[in-house]
Amino acid sequence: MTKLRFIHTADIHLGSFLHIGGETLPPAVEKAVETATLEGFSRVCDVAISHNVDFVVIAGDLYDSEARSVKAISYFINQCKKLEQANIDVFVISGNHDPLRQKKELFQMPDNVKVFRANQPETYELLDDNQIPIARIIGQSYAGTREYKKVHLDYRVADNSIWNIALLHTQLEATKSNYIPCSLGELKDRNDIHYWALGHIHQPQILNDTYPLIAYPGIPQGRDFGEQDRGGCLLVELDPLEGGNISFIPTAPIIYKRIDVNIDADPDNIPKDLDELEDMIFEYGYKLLKTERDDTYPIEGYIIEWILRGRGDIHEQLKEQEQEAMELITKRLRMEFQSGSPFLWTDCVTLRTQPPIDYDSLMTNSPIVQELDKVINKCLEDENMKDKLIKELGDIWSGNEDHETVDEFRFYMDQSTLEEMLRNAKQLIIEKLAERRE
């Protein structure tokens with residue numbers, strides 16, 4: 001067998017749009033949102049060409065619906081023609097979103113595009129420059145929006161003298177699945193398949209890194225907060241001597257991200273009013289934009305949900321006029337970051353803060369907290385109690401404060417470390433007690 005290199009992608013959902021909050025969007029943001037899924041696929045094709053791959057496999061849900069949009073089909077064809085010029089074939093199965101149509105397609109596909117039929121598995125052979133087979137690609141499309149049959153059990157190959165690549169759009173649920181009942185064990189047991197190119201799950205996952213390699217590529221471009229972080233595709237390299245290697249390559253122009261803003265992260269600088277809170281959130285935004293990025297395929301923008309957490313006096317003010325306050329913060333965040341490159345668009349701001357804990361009141365009125373305080377103080381003052389506590393914490397801790405005999409598998413318990421641990425434990429217990437009261 002010869003070395004083989006190909007791109008594995010799936011769940012492209014051409015024709016779909018990004019979910020984004022805001023009645024009106026700035027022109028640059030609106031354009032990026034409208035073209036993001038198309039641009040994501042275009043970058044996948046650019047990756048294929050730049051890495052000089054042998055072919056591309058698309059493991060289902062190329063389109064977002066059975067009624068393919070004219071724009072989506074036309075865009076796909078143009079990208080495939082670009083691949084054809086680079087002598088790269090494209091192998092496609094239909095998934096549950098874009099089951100194989102019985103009607104005649106509006107456009108004729110380029111010669112390098114092979115779409116698998118739906119009534120039974122189909123196999124294509126990939127030939128080298130001397131017309132000698134070097135790989136087989138096997139798959140079966142969905143005929144409808146659900147597929148209850150274990151179609152992969154009908155996948156048959158003549159032998160494993162050349163690379164066998166199998167495409168499957170499945171949720172990997174062994175029983176009662178609407179999307180090809182299948183278990184990971186069933187795929188691993190196939191010693192005649194070298195690579196299972198899966199689709200349907202929108203997060204990249206390598207499920208088996210030895211033959212047969214099994215992986216989901218995720219989605220090239222996320223479309224909502226259920227598809228956070230950066231989408232991309234998989235570059236797969238099969239070598240008869242060195243084995244298989246799978247690399248994730250990011251392609252998404254836009255990233256969905258939820259960011260927690262902890263108002264009490266610095267107890268000495270908890271925001272006291274709306275202006276200070278906004279300044280805190282701005283700092284989070286600037287920090288994100290300064291993050292080092294791979295600019296091979298640059299990020300055009302972020303769509304953010306800010307989640308305000310932590311405790312502070314400002315909670316009561318925010319809670320009293322929550323909707324109006326969150327709308328004002330959202331508006332100001334959009335104005336601050338919408339014109340940057342990359343842009344940062346605030347989808348919404350969610351309030352999850354809590355009021356501060358009245359420790360004095362708890363100490364006065366809560367017998368549990370009073371007893372807790374006594375126990376903590378005894379742990380700090382009683383040498384026998386300290387020794388017992390260190391022992392109870394586990395074998396990885398040592399009471400050696402000299403640190404002369406260093407053991408990299410142990411942690412050394414000195415007075416300051418013990419005090420810090422006890423303070424943190426007390427704080428956590430009191431917070432949990434306060435939450436129960438609330």
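Another point: the environment of I162. Position of I162 among the secondary structure elements: in the loop between β6 (133–139) and β7 (163–169). Judged by its relative accessible area of 11%, I162 is buried. I162 sits 36 residues away from L126 along the chain, and the two C-alpha atoms are 9.9 Å apart. With residues near it in sequence (within four places) discarded, I162 still touches M1, P133, I134, A135, R136 and H194.

To continue, consider the packing of helix α1 (residues 27–50) against helix α2 (residues 70–85). Between α1 and α2, the shortest axis-to-axis distance is 10 Å and the interhelical angle comes to 10 degrees. As the angle between them shows, α1 and α2 are arranged roughly parallel. In this structure, the crossing between α1 and α2 has a hand that is right-handed. Every residue of α2 that contacts α1 at L38, E39, F41, S42, C45, D46, A48 and I49 is listed here: K71, Y75, F76, Q79, K82 and L83.

So, about the confidence of the model for the chain. Per-residue confidence for the chain gives a mean pLDDT of 89; residues scoring 70 or more make up 91%. Segment residues 400–406 is flagged for pLDDT under 50; beyond a separation of four residues in sequence, or across chains, it makes 8 contacts in the model.

Turning our eyes to something else, we now look at the nonpolar core. Residues I7, L14, V56, I58, L62, F76 and V90 are the most contacted members of the largest nonpolar core, which totals 28 residues. Sorting the residues of this core by element identifies α1, β2 (55–59), α2, β3 (89–93) and β11 (232–239) as the ones contributing at least two each. Leaving out residues up to four positions away in the same chain, V56 has contacts with I7, T9, A48, L83, I88, D89, V90 and F91. Ranked by size, the runner-up nonpolar core spans 24 residues in total, among them L277, L288, W306 and V349.

Here we take up the pattern of salt bridges. Applying the stated criterion to the full structure yields 19 salt bridges. The partner of E125 in a salt bridge is R136, and the shortest N-O contact between them spans 4.0 Å. On the criterion of sequence distance, the pair formed by E125 in strand β5 (residues 122–127) and R136 in strand β6 is long-range, its members being 11 residues apart. Taking relative accessible area as the criterion, R136 reaches 8% and is therefore assigned buried. By sharing partners, the salt bridges in this structure join E39, R43 and E300 into a single network.

Per the stated rule, a full pass over the model turns up 12 aromatic pairs. Note on F6 and Y195: the rings are 5.3 Å apart at their centroids and 85 degrees apart in plane angle, and the pair reads as edge-to-face. Of the two residues, F6 sits in strand β1 (residues 4–9) while Y195 sits in strand β8 (residues 195–199), which places them 189 residues apart along the sequence. Judged on exposure class, the residue F6 and its partner Y195 are both buried. Both rings, one in F91 and one in Y124, keep their centres 5.9 Å apart while their planes meet at 50 degrees; by these two values the pair is tilted. Pair noted here: F91 is in strand β3 and Y124 is in strand β5, with a separation of 33 residues, a long-range link. A network of ring pairs unites the aromatic residues F6, F55, F91, F116, Y124 and Y195 as a single cluster.

Moving on, we come to the sheet that holds strand β10 (residues 213–216). The 6 strands are arranged β5-β6-β7-β8-β10-β9 in an open sheet whose pairing can be described as mixed. In the strand order of this sheet, the two ends are held by β5 and β9 (205–208), each with one partner. For this sheet the average axis-to-axis angle between neighbouring strands, irrespective of direction, equals 20 degrees. As paired elements, β8 and β10 share 3 bridges and run parallel to each other. Bridging across to β10, W196 finds its partner in I214.

For β11, the tally of buried residues reaches 7 of 8 residues, placing the bulk of the element in the interior. Across 5 bridges, β1 lies against β11 in antiparallel orientation. Its bridge partner lying in β11, L4 is registered against L238. Note: β11 against strand β12 (residues 243–250), 8 bridges, orientation antiparallel.

What follows is about the environment of S16. Inspection of the secondary structure assignment puts S16 in the loop between β1 and α1. For S16, a relative accessible area of 6% puts it in the buried group. With 267 residues separating them along the chain, S16 and E283 place their C-alpha atoms 33 Å apart. Beyond its immediate stretch of four places on either side in the chain, S16 contacts T37, D64 and R223.

Parameters and conventions
- Residues numbered from 1 in each chain as written.
- Predicted model: local features only at pLDDT ≥ 70, side-chain atom pairs only at ≥ 80, totals over all residues.
- Heavy atoms only, no water.
- Helix = DSSP H or I, 4+ residues; strand = E, 2+ residues; numbered from the N terminus.
- Buried < 20%, exposed > 50% of the residue type's maximum accessible area, 1.4 Å probe, protein only.
- Contact = heavy atoms within 4.5 Å.
- Axes fitted to C-alpha atoms, helices over the stretch in contact; angles between N-to-C directions.
- Parallel < 35°, antiparallel > 145°, perpendicular 65-115°, else oblique.
- Left-handed = near helix turned anticlockwise from the far one by under 90°.
- pLDDT = per-residue confidence, 0-100.
- Core = buried A, V, L, I, M, F, W, Y, C linked by side-chain atoms within 4.5 Å.
- Salt bridge = Lys/Arg side-chain N within 4 Å of Asp/Glu carboxyl O.
- Phe/Tyr/Trp six-rings, centres within 6.5 Å; stacked < 30°, edge-to-face > 60°.
- Pairing = 2+ DSSP bridges.

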